[in-house]
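Summary of structural features
What follows is each chain in one-letter form.
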Amino acid sequence: MRALETDRLTLRPFTADDADFVLDLYSRMDVQRYISGHPPKLMKDRTEAVALIEAWARRDDGTCGIWAVQEKAAEDNVAGQLTGTLLLKPIPASGPEPQESGDIEIGWHFHPDFWGRGYAPEAAAALLQHGFDAGLPRIVAVTNPANTASMRVCGKIGLQAQGTTDRYYNKTCQLFTADNPAGNNAGAES
Ligand SMILES: CC(C)(COP(=O)(O)OP(=O)(O)OC[C@H]1O[C@@H](n2cnc3c(N)ncnc32)[C@H](O)[C@@H]1OP(=O)(O)O)[C@@H](O)C(=O)NCCC(=O)NCCS
């Protein structure tokens, strides 16, 4: 899985050493409010975090994957802090059984200590470009209709609002989409 760089951030694979951060992130109601079920399910212990990191590693297919978003090291060489998660992955279709929709979604989960700095749109713009460079024809994002901050991120990275949809996750979501500006499969290796 390819690491990606932005001005302030590095997107890189998670490792087992990141388990404490993953537990801190996903045990928070502020983070889970719009991304897990009803009622939101909070992560309880480090074992769950380690298992999630292992499951994320299996999602790496060279294009899709789950990235840790880390601040770049400061000039005094202090290691940059982990700030959140960026996801590029197949989005499941609504239905009685889990099934593939054929679409690829982009998503973002940041630690509240780092909200409001523009990190999510900065990291997501780089991942969107990575997906298009790899030849994905279309990338979607879905948000809870009450998740104003996430809908703002969609707008900031140029995703087009398409209204509500029931197509994914057995939920009513706001749908945002972007088509590959280079056309279908334009970036795929020949
Ligand atoms: C959605 C999320 C990724 C936004 O990340 P971010 O790095 O803060 O993004 P930005 O800094 O660009 O802020 C996005 C908007 O949220 C607003 N915002 C950020 N922090 C906020 C806070 N604590 N309270 C209220 N609004 C806040 C910002 O003002 C901004 O709106 P603006 O562009 O009108 O100023 C982040 O809130 C998050 O991780 N939430 C929990 C997980 C989640 O819901 N993910 C999305 C699933 S679809």
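Residues numbered from 1 in each chain as written. Predicted model: local features only at pLDDT ≥ 70, side-chain atom pairs only at ≥ 80, totals over all residues. Heavy atoms only, no water.

With respect to topology, eight strands assemble into an open sheet ordered β1-β2-β3-β4-β5-β6-β8-β7, the strand pairing being mixed. Two strands bound the open sheet, and with one partner strand each, they are β1 (4–5) and β7 (160–165). One ladder, built from nine bridges, connects strand β4 (residues 82–93) with strand β5 (residues 99–110); its direction is antiparallel. Across the sheet, the residue bridging to Thr85 is His109, located in β5. Most of the contacts of helix α1 (residues 19–26) go to β4, to which it runs at about 70 degrees, and overall it touches β4 and β5. Contacts from helix α4 (residues 119–133) reach β1, β2 (9–13), β3 (65–71), β4, β5, β6 (138–143) and β8 (173–179), with the element oriented near 45 degrees to β4. (Pairing = 2+ DSSP bridges. Helix = DSSP H or I, 4+ residues; strand = E, 2+ residues; numbered from the N terminus. Contact = heavy atoms within 4.5 Å. Axes fitted to C-alpha atoms, helices over the stretch in contact; angles between N-to-C directions.)

What follows concerns the pairing of β2. A regular strand places its side chains so that they alternate between the two faces of the sheet. Within β2, four of the five residues are buried, which leaves it mostly tucked inside the rest of the structure. Alignment of β1 against β2, held across two bridges, turns out to be antiparallel. By the bridge assignment for β2, Leu4 is matched with Leu11. Of the pairings in the sheet, the one linking β2 to β3 comprises five bridges and is antiparallel in character. Counted as the bridge partner of Leu9 is Glu71 from β3. (Buried < 20%, exposed > 50% of the residue type's maximum accessible area, 1.4 Å probe, protein only.)

Let's shift gears to the site of the ligand. Around the ligand, the structure places 21 residues, and the nearest of them are Trp108, Phe110, Gly116, Gly118 and Lys156. A distance of 2.7 Å separates an oxygen atom of the ligand from a polar backbone atom of Gly116. Note that an oxygen atom of the ligand is positioned 3.0 Å from one of the backbone N or O atoms of Ala120. For the shell around the ligand, the secondary-structure elements that each account for two or more residues are α2 (29–32), β5, α4, β6 and α5 (148–156). In terms of residue count, α5 provides more of the shell around the ligand than any other element does, five residues in total. When its residues are assigned to classes, the shell around the ligand shows 11 nonpolar, six polar and four charged. (Near = heavy atom within 4 Å. Polar contact = N/O pair within 3.5 Å; in protein donor to acceptor, adjacent residues only side chain to side chain. Nonpolar A, V, L, I, M, F, W, Y, C, P; charged D, E, K, R; others polar.)

The biggest cluster of nonpolar side chains holds 29 residues, and the ones touching the most others in it are Leu86, Leu88, Ile106, Trp108 and Leu159. Mapped onto this core, the elements with two or more residues apiece are β2, β3, β4, β5, α4, β6, α5 and β8. Counting residues in each nonpolar core, the second largest holds 16 residues, with Leu25, Tyr26, Ala49 and Leu82 among its members. (Core = buried A, V, L, I, M, F, W, Y, C linked by side-chain atoms within 4.5 Å.)

Right, let's get into α5. When α5 is considered as a whole, its buried residues turn out to be Ser150, Val153 and Cys154. Seen along its axis, α5 keeps its buried residues to an arc of 100 degrees; they face one direction. Counted as exposed and oriented over 90 degrees from the buried face of α5: Thr148, Ala149, Arg152 and Lys156. Taken together, the buried residues of α5 touch β5, α4, β6 and β8. (Arc of directions from axis to C-beta.)

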